[in-house]
Amino acid sequence: MTNVQRQDLVVFDDNSVISSALFSKETHSLISIASAPVTSPFWLISAIMEDLTLGVSNSFNETTESPPAKKYLGPITLVSFIHNAKYFANAFSKIKIPPSSYKVVDLLTDFVLKNSGMPNHKVLSNILKSIPDNQSSVIILEQPEILLSLLDGLTSDDLHRKLINPVMRRCKLLVVTTKLRSLIQETKDGIEASRFTACTYYKSMAILSLRPLETGRAKDVTGCLRITRGGSANTLDCQVQENEYLYFNQKENTRLFYR
Amino acid sequence: MMLNTTQNATVLLKRVLSLSDFSPLILCIDGIAQMANKLIDELVFTAQNASDVRIVYVSFETLNYPNFECDFIIADSFELEKLIEQIKSFLPTPQESITSKHLVILDAINSIPTTMISHFIASIASRHTSLLAVFHSDLPELPSPHTEHYPSSQELLSFMATSIIEVHPKISHTSTNDQLKEQISKSLIPRGLNNDIFEITLTNRRKSGRSLVYSLEIDAKKHVYEPVSRNDGDNETGETPEMLQDLTTFNLSTSAKQKLAKEQVDLPFLEAQSFNTGGAIVYQFEKDDDYDEEDPFEDPF
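Residues numbered from 1 in each chain as written. Chains lettered and ligands numbered in written order. Predicted model: local features only at pLDDT ≥ 70, side-chain atom pairs only at ≥ 80, totals over all residues. Heavy atoms only, no water.

Residue and element names in this part refer to chain A. Bridge count between strand E8 (residues 243–249) and strand E9 (residues 254–258): five bridges; the pairing is antiparallel. Counted as the bridge partner of Phe248 is Arg255 from E9. Here E8 folds back onto E9 in antiparallel fashion, the turn holding four residues. (Pairing = 2+ DSSP bridges. Helix = DSSP H or I, 4+ residues; strand = E, 2+ residues; numbered from the N terminus.)

Spelled out as structure tokens, the structure:
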């Protein structure tokens with residue numbers, strides 16, 4: 001694999017990770033990142049953050065000699081159920097993303113303690129209150145499906161109606177990461193989580209799915225990234241560039257190869 | 001149901017898409033592999049070209065205004081009863097006499113609970129309004145103990161709909177339907193789906209109750225419809241004389257002369273269908289016949 005040519009990460013047909021066309025019209029878009037339990041999508045979040053704040057994903061893209069002009073100047077909010085603010089600060093400082101360019105809403109620390117005994121609608125409205133409302137912003141929401149297990153009686157449809165749709169309304173671009181579950185475990189939570197992911201696909205403009213190698217472990221490949229069109233009607237001036245890459249996570253960066 | 005793949009298919013599809021025949025409920029069954037968006041665009045294009053149609057778009061999934069003119073309602077802002085009222089505010093009352101048609105598009109009827117679907121549709125449908133409801137067939141559903149003996153949403157909608165359009169992707173020769181379903185069930189979406197060219201299965205129910213099923217291919221960019229002829233399994237496995245050759249030392253094949261002679265033989269059941277009086281019992285009374293009129297079981301005829 002060492003002799004194979006390294007590739008740039010491209011999601012849209014204007015050779016970008018996040019196309020500037022997403023911010024040109026009065027629209028609300030959603031991008032889904034779905035990953036298997038053994039693959040972490042954090043390197044993709046870092047790539048999106050780099051692209052939005054620095055104008056280029058330095059971790060992958062070698063072809064750009066001088067960084068282009070920043071295409072996005074609006075606020076970025078990271079809302080996470082699995083990482084706290086310190087984790088993001090450490091990770092992003094390594095790739096030189098200025099701390100002033102993003103805000104973290106930490107829904108991991110003491111979430112259960114803070115919301116214990118509260119009715120579901122109150123918990124969801126409290127979460128919504130903590131997310132800034134800015135029509136031109138980008139929101140990255142990490143693993144909201146955890147709420148299906150945390151809140152008793154919450155359904156996938158409720159979660160979409162009371163959280164995902166209102167959050168979509170508060171921003172220009174929403175990126176949602178979800179963990180894929182196996183349908184073999186046909187528990188209530190398992191079915192609701194699968195329905196949640198499927199509903200997210202229907203609303204998405206692009207779906208980025210990460211999975212490990214089918215053949216098992218390899219020394220020079222971590223997994224496979226597939227980029228496909230989602231179910232949402234595209235009224236923008238950019239199209240999703242469908243692609244499949246093999247990726248290899250190293251200490252400082254990630255390498256991509258066409259599959 | 002009968003399967004028909006003649007030229008009538010395109011004519012019928014055009015009639016359904018242009019809303020020429022009044023259809024209270026058109027059900028569109030789609031999946032993530034091929035969404036109904038392109039079919040909706042095609043229907044709106046055809047209907048608006050054919051006549052004056054006012055459209056109400058009820059969105060459960062998108063916040064973005066569609067690329068055709070319509071009254072746009074974001075459904076999650078309302079409770080169900082309020083949503084019905086909101087939709088009705090854009091529609092004429094059944095008593096009104098109007099010339100224009102009204103079409104209500106629901107982009108994901110899955111969001112409405114199964115037990116409320118019939119109430120929802122009955123509240124909106126009227127003699128001036130057609131409903132186009134999109135149902136996503138691949139959303140996992142948690143069985144409810146309260147509706148154990150109640151039909152599923154898809155069964156209920158299929159029962160109520162006058163036209164059912166199932167949307168399928170046009171699958172390349174290298175992959176099969178099963179491979180596609182397997183990947184989607186694992187939440188992995190294959191590449192090359194949701195294209196402008198796709199296939200549909202149109203089920204049209206006539207007033208007589210007879211259903212006609214057609215398979216068609218639609219090119220949404222060029223607005224072209226083509227009937228799809230499917231190879232039946234029988235055709236693929238049908239025996240030909242060539243297949244029987246060199247199998248044994250016996251002669252199993254038939255010559256052209258033998259085939260012709262075989263076809264010319266009238267089989268006995270064909271004669272029996274000619275219904276002449278040859279087999280009827282004709283009885284005529286004679287003067288010595290003993291016939292008791294009071295005996296209810298005696299009937300010489």
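Moving on from the model shown.
Our focus in this paragraph is the sheet that holds strand E2 (residues 76–80) of chain A. Residues and elements named next belong to chain A. Reading across the sheet, the nine strands line up as E3-E2-E4-E5-E1-E6-E7-E8-E9 and stay open at both edges, with mixed pairing between neighbours. Unpaired on one side and paired on the other, strand E3 (102–106) and E9 mark the two borders of the sheet. Strand-to-strand twist of the sheet, defined as the mean angle between neighbouring strand axes without regard to direction, takes the value 20°. Packing against the sheet, helix H2 (residues 85–94) makes contact with E2, E3 and strand E4 (138–142), and its axis sits at approximately 150° to E3. (Axes fitted to C-alpha atoms, helices over the stretch in contact; angles between N-to-C directions. Contact = heavy atoms within 4.5 Å.)

Turning our eyes to something else, we now look at the nonpolar core. Counting 44 residues, the largest nonpolar core has Phe92(A) and Leu225(A) as its most contacted members. In terms of residue count, helix H1 (residues 42–54) of chain A provides more of this core than any other element does, eight residues in total. Ignoring any residue separated from it by four or fewer positions in sequence, one finds Phe92(A) in contact with Phe42(A), Ile45(A), Ser46(A), Met49(A), Leu78(A), Ile97(A) and Tyr102(A). In terms of nonpolar packing, the next biggest core, distinct from the first, is built from 34 residues, Ile55(B), Val134(B), Val167(B) and Tyr225(B) among them. (Core = buried A, V, L, I, M, F, W, Y, C linked by side-chain atoms within 4.5 Å. Buried < 20%, exposed > 50% of the residue type's maximum accessible area, 1.4 Å probe, protein only.)

Residues and elements named next belong to chain A. Interhelical geometry of helix H4 (residues 120–130) versus helix H6 (residues 156–169) gives an angle of 5° and a closest axis separation of 10 Å. By the criterion of interaxial angle, the relationship of H4 to H6 is roughly parallel. In this structure, H4 contributes Leu124, Ile127 and Leu128 to the contact, and H6 contributes Leu159, Lys162, Leu163, Pro166 and Val167. When the residues that make up the contact of H4 with H6 are grouped by side-chain class, the tally is seven nonpolar, no polar and one charged. (Parallel < 35°, antiparallel > 145°, perpendicular 65-115°, else oblique. Nonpolar A, V, L, I, M, F, W, Y, C, P; charged D, E, K, R; others polar.)

This next bit is on the confidence of the model for chain A. For chain A, mean pLDDT is 87; residues scoring 70 or higher make up 92% of the total. For chain A, per-element mean pLDDT is lowest for E9(A), which scores 84, and highest for E4(A), which scores 96. (pLDDT = per-residue confidence, 0-100.)

This part takes up the interface of chain B and chain A. Interface extent is often summarised as the accessible area lost during association of the parts. The interface is formed by 35 residues belonging to chain B together with 35 residues belonging to chain A. Each partner contributes to the roughly 2,900 Å² buried at the junction of chain B and chain A, and carbon and sulfur atoms together form 54% of this total. On the surface where chain B and chain A come into contact, there are three salt bridges. One salt bridge connects Glu79(B) with Arg161(A), and the closest N-O pair in it is separated by 4.0 Å. (Buried area = accessible area lost by both parts, 1.4 Å probe. Salt bridge = Lys/Arg side-chain N within 4 Å of Asp/Glu carboxyl O.)

So, on to a negative patch on the surface. All names here are of chain B. There is a patch of like negative charges on the surface, built from Asp290, Asp292, Glu293 and Glu294. Within the secondary structure layout, Glu293 lies in the segment after helix H10 (268–272). Residue classification places Glu293 among the exposed residues on the basis of a relative accessible area of 71%. (Patch = residues over 30% accessible without salt bridge, like charges linked within 9 Å, V, L, I, M, F, W, Y side chains within 5 Å. Areas by Shrake-Rupley, 256 points an atom, 1.4 Å probe, with all protein chains shown as cover. Lys, Arg positive; Asp, Glu negative; His and termini not counted. Charge placed at Lys NZ, Arg CZ, Asp CG, Glu CD.)

Turning to the packing of aromatic side chains, a few remarks are in order. All names here are of chain A. Taken as a whole and assessed by the stated rule, the structure comprises 12 aromatic pairs over all chains. Note on Phe42 and Phe88: the rings are 5.7 Å apart at their centroids and 40° apart in plane angle, and the pair reads as tilted. Residue Phe42 is found in helix H1, and its partner Phe88 is found in helix H2; the two are separated by 46 residues along the sequence. By relative accessible area, Phe42 is classed as buried at 9%. An aromatic cluster is built from Phe42, Tyr87, Phe88, Phe92 and Tyr102, whose rings are joined through pairwise contacts. (Phe/Tyr/Trp six-rings, centres within 6.5 Å; stacked < 30°, edge-to-face > 60°.)

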